[in-house]
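The residues making up each chain are set out below.
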Amino acid sequence: MTTQREQRKAQMVAAAARRSQPDARPAGRTAIRSKPVRITLDLSPELYRQLTRWTDSAAVELDVPRIALADAMRAMIRVTTENPDEVLDRLRRDRQG
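Let me sum up the structure you'll find in this document. Starting afresh in each chain, residues are numbered from 1 along the sequence in its written order. Only residues with pLDDT of at least 70 get local features here, since the model is predicted, and only at 80 or more are side-chain atom pairs given and counted; chain-wide, interface and lining totals rely on the full set of residues. Calculation of side-chain values draws on the structure's entire complement of heavy atoms; hydrogens and water are dropped beforehand.

### Overview of the environment of L69
Here comes step 1: Tracing the backbone shows L69 in helix α3 (residues 69-82).
Here comes step 2: On the basis of relative accessibility, which here comes to 27%, the residue L69 falls in the partly exposed class.
Here comes step 3: Sequence separation between L69 and W54 is 15 residues; the distance between their C-alpha atoms is 9.7 Å.
Here comes step 4: In this analysis, two residues are considered to be in contact whenever any of their non-hydrogen atoms come within 4.5 Å of each other. Not counting residues within four places of it along the chain, the set of residues in contact with L69 comprises Y48, L51, T52 and T55. Strands here are runs of E lasting at least two residues and helices are runs of H or I lasting at least four, both read from the DSSP assignment and numbered beginning at the N terminus. Categorising residues by exposure relies on relative accessible area from a 1.4 Å probe, with only protein chains included: less than 20% of the type maximum marks a residue as buried, more than 50% marks it as exposed, and the intermediate range marks it as partly exposed.

### Digging into the side chain of T55
Here comes step 1: Relative to the helices and strands, T55 is located in helix α2 (residues 45-62).
Here comes step 2: Polar contacts here mean pairs of N or O atoms no more than 3.5 Å apart (in protein, one a potential hydrogen donor and the other a potential acceptor; neighbouring residues in sequence count only if both atoms are side-chain atoms). Separated by 2.9 Å, the side chain of T55 and the backbone oxygen of T52 make a polar contact.
Here comes step 3: Leaving out residues up to four positions away in the same chain, T55 has contacts with I67, L69 and A72.

As structure tokens, then:
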């Protein structure tokens, strides 16, 4: 009798073998996630103060009562992915010292 793990492994091996054939169809696509992903981030008190100071000043600049920390982090992530070089440099510096 085979276990579920062995059956799954056999299925994966068979699927991989089918994809290696010359006329094989391309591998299937992974389903696109529709539900948001939640993350948790621990900040030092000083870094948290810097973030809240920044969101407070951004709210003044944008002439809105408040900017949620989550909205600020989403915007920062978008900027980071569009222009990663400065963030990569900062990560290198943080890891060195």
